[in-house]
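# Understanding the architecture of this molecule
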Amino acid sequence: MTNSTISAAPAAIQWIGESDGFLRLIDQTLLPTQCVTIDCRNVEMVWEAIKMLRVRGAPAIGIAAAYGVVLSLHDAGRHHSDSPSAAARTAADYLATSRPTAVNLFWALDRMRYLIAAHPQGQAGLAEKLLAEARAIHEDDRLMCRAIGRNGAELIRDGATIITHCNAGGLATAEYGTALSVLFTCQDQGKQLHVYADETRPLWQGARLTAWELTQRGIPTTVICDSMAAHVMQTRSVDAVIVGADRITARGDVANKIGTYALAVVAKHHGVPFYVAAPSSTFDLSLVDGADIPIEQRDPAEVIAPYGHRIAPSEVEVYNPAFDVTPAELVCGLITERGVISPVNRESIAEHFKQP
Ligand code: MRU
């Protein structure tokens, strides 16, 4: 790695070509010091890219997986006897095993499965139809993120100081992000902001990715260690905390990057409003209690040997949950593409999604 950062980058997720094309991703594990793209030409490469966080963030992994299903048709019938629809179904099932927490992955794959089910014999044109659906998932997310930005910006005053955690920006979505879309939209509206970006241990999505996105946009940004957020709220004026989400239950419990829950508790203690910005694809209304959200456990090496640099005895036990659950009671508002849900409870969420 070099010490410099990259100042301009291609879109995080791109499909290149037509249905026989491929998926191009920015390898987010290398940012911000290297901006390298990887071309995924088969399903296994997409699975690996999701698992290893080369593409990450709840909406982004759903979009990438949808394109991954399209890739499964390249070899269908050529190298094995599967019909195209069987190959696509198998690919969807396989991609669903990459990461368990973000429901957007399953939401996107269900959309692809629905289309596959409508073509059980793999009728002609299936590849084009699957690509069109993947592109629609991509575009839907872009529009939802823009709407989240508009809805959330109404909550933020000119001159506000905001704390965010992990990366819920353009890299994590089709464009603009969820939590960061609120901030980018404020900036588009001429509001001045100052953002504290939690570094987000163990993989530093905040220091590496959020700080990169914010500074690229010229938004004054201060990176802090996760453990400093309480001190910042105690000693400086903070207007709001805004984070993204990986899964939100019917009662409003929110799974997001590990450390979010602690931030919400501290925000409550200091009377700082805690907002969660997420598209409807992040809601899992089949679950009520956040305790039922599957929490991904990741490689211990991420904690004790980040980037191959060991910082603790190799024989020590490690616990590495990638997400935690913030109870609805700590969430002041849920910002979606439809508006703002506040107060957050089962009734208000049901009402929010009842509208056509
Ligand atoms: O492990 P990651 O980097 O995929 O975790 C990402 C987050 O927790 C984000 O906050 C969440 O997915 C929302 S992205 C708009």
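In this report, the structure presented in the accompanying data block is examined. (Residues numbered from 1 in each chain as written. Predicted model: local features only at pLDDT ≥ 70, side-chain atom pairs only at ≥ 80, totals over all residues. Heavy atoms only, no water.)

Glancing now at the sheet that holds strand 12 (residues 323-326). Sheet architecture is open: 4 strands sit in the order 11-8-9-12, paired in mixed fashion. Here the strands that pair on one side only, and so sit at the sheet edges, are strand 11 (283-284) and strand 12. Sheet topology note: the strand 9 (residues 254-257)/strand 12 ladder contains 4 bridges and is antiparallel. Bridging across to strand 12, V254 finds its partner in T326. (Pairing = 2+ DSSP bridges. Helix = DSSP H or I, 4+ residues; strand = E, 2+ residues; numbered from the N terminus.)

Let us look at empty space enclosed by the protein. Going through the model one piece at a time under the given rule, you end up with 2 cavities of 30 Å³ or more. Computed from the structure, the largest cavity encloses a volume of approximately 200 Å³. Lining the largest cavity are 24 residues; nearest its centre among them are R56, G57, A58, N167 and D246. Contributing elements (two or more residues each) for the lining of the largest cavity: helix 2 (58-75) and strand 9. Ranked by residue count, the leading element in the lining of the largest cavity is helix 2, at 3 residues. Taken together, the residues of the lining of the largest cavity break down into 11 nonpolar, 9 polar and 4 charged. Formed jointly, the lining of the largest cavity draws a minimum of three residues from each of two domains, domain 1 (2-144) and domain 2 (147-354). (1 Å grid on protein atoms, 1.4 Å probe; cavity = no way out; pocket = protein on both sides within 12 Å on 5 of 7 lines; lining within 4 Å. Points joined across faces, edges and corners; volume = space filled by probe spheres on them. Nonpolar A, V, L, I, M, F, W, Y, C, P; charged D, E, K, R; others polar. Domains from an automatic or database assignment.)

In the contact formed by helix 2 and helix 4 (residues 103-117), the axes pass within 7 Å of each other and the chain directions differ by 30 degrees. Considering the angle they form, helix 2 stands roughly parallel to helix 4. Taken as a pair, helix 2 and helix 4 cross one another with a handedness that is right-handed. Together, A58, P59, I61, G62, A65, A66, V69 and V70 of helix 2 and N104, L105, A108, L109, M112 and I116 of helix 4 make up the contact between the two elements. Its residues placed into classes, the contact of helix 2 with helix 4 shows 12 nonpolar, 2 polar and no charged. (Axes fitted to C-alpha atoms, helices over the stretch in contact; angles between N-to-C directions. Parallel < 35°, antiparallel > 145°, perpendicular 65-115°, else oblique. Left-handed = near helix turned anticlockwise from the far one by under 90°. Contact = heavy atoms within 4.5 Å.)

Right, let's talk about the side chain of D253 for a bit. Here D253 shows up in the loop between strand 8 (247-249) and strand 9. With a relative accessible area of 3%, D253 lands in the buried category. In terms of polar contacts, D253 uses its side chain to reach the side chain of R251, at 2.5 Å. Among the polar contacts listed, one links the side chain of D253 to the backbone nitrogen of G290, at a separation of 2.8 Å. Setting aside residues no more than four positions away along its own chain, D253 makes contact with R247, I248, V288, D289, G290, I293, V325, T326, P327 and A328. (Buried < 20%, exposed > 50% of the residue type's maximum accessible area, 1.4 Å probe, protein only. Polar contact = N/O pair within 3.5 Å; in protein donor to acceptor, adjacent residues only side chain to side chain.)

All right, on to unusual backbone geometry then. What you tend to see is this: most non-glycine residues have negative phi, and most peptide bonds are trans. A cis amide bond links R201 to the next residue, P202, at an omega of 10 degrees. Structurally, P202 can be placed in the loop between strand 5 (193-198) and helix 7 (205-216). Geometrically, the link from S342 to P343 is a cis peptide bond, its omega value of 0 degrees lying close to zero. Following the sequence through the fold, P343 ends up in the loop between strand 14 (340-341) and helix 11 (346-354). The phi angle at T200 is positive, at roughly 75 degrees, despite the residue not being glycine. By relative accessible area, which is 0% here, T200 ends up buried.

In the vicinity of the ligand lie 17 residues, with R56, A58, R99, N256 and K257 positioned nearest. Residue R56 places a side-chain N or O atom 2.5 Å away from an oxygen atom belonging to the ligand. In the model, an oxygen atom of the ligand is placed 3.0 Å from a nitrogen or oxygen of the G57 main chain. Relative to its unbound accessible area of 420 Å², the ligand is 99% covered by the protein chains. Applying the majority rule of atoms within 2 Å of the grid points places the ligand in the largest cavity. When residues of the shell around the ligand are traced back to their parent elements, those giving at least two are helix 2 and strand 9. (Near = heavy atom within 4 Å. Areas by Shrake-Rupley, 256 points an atom, 1.4 Å probe, with all protein chains shown as cover. Sits in = over half its atoms within 2 Å of the grid points.)

Another point: the packing of aromatic side chains. Each aromatic ring pair is described using two quantities: the centre-to-centre distance and the angle formed by the ring planes. Applying the stated rule across the entire model yields 5 aromatic pairs. Seen from their ring centres, W47 and Y94 are 5.6 Å apart, and the 10 degrees between their planes marks the pair as stacked. With W47 in helix 1 (residues 43-51) and Y94 in helix 3 (residues 84-95), this residue pair connects regions lying 47 residues apart in the sequence. Residue Y94 is classed as partly exposed on the basis of its relative accessible area, which comes to 30%. Over the ring of F22 we find R41, and its NZ or CZ is 4.0 Å from the ring centre. The ring of Y176 has R146 sitting right over it, with the charged end atom 3.6 Å from the ring centre. (Phe/Tyr/Trp six-rings, centres within 6.5 Å; stacked < 30°, edge-to-face > 60°. Lys NZ or Arg CZ within 6 Å of the ring centre and 35° of its normal.)

Glancing now at the environment of R298. Locating R298 in the fold gives a position in the loop between strand 11 and helix 10 (301-304). Exposure remark for R298: the relative accessible area of 12% places this residue in the buried category. Taking C-alpha positions, R298 is 17 Å from H309, a pair spaced 11 residues apart along the chain. In terms of polar contacts, R298 uses its side chain to reach the backbone carbonyl oxygen of K51, at 3.0 Å.

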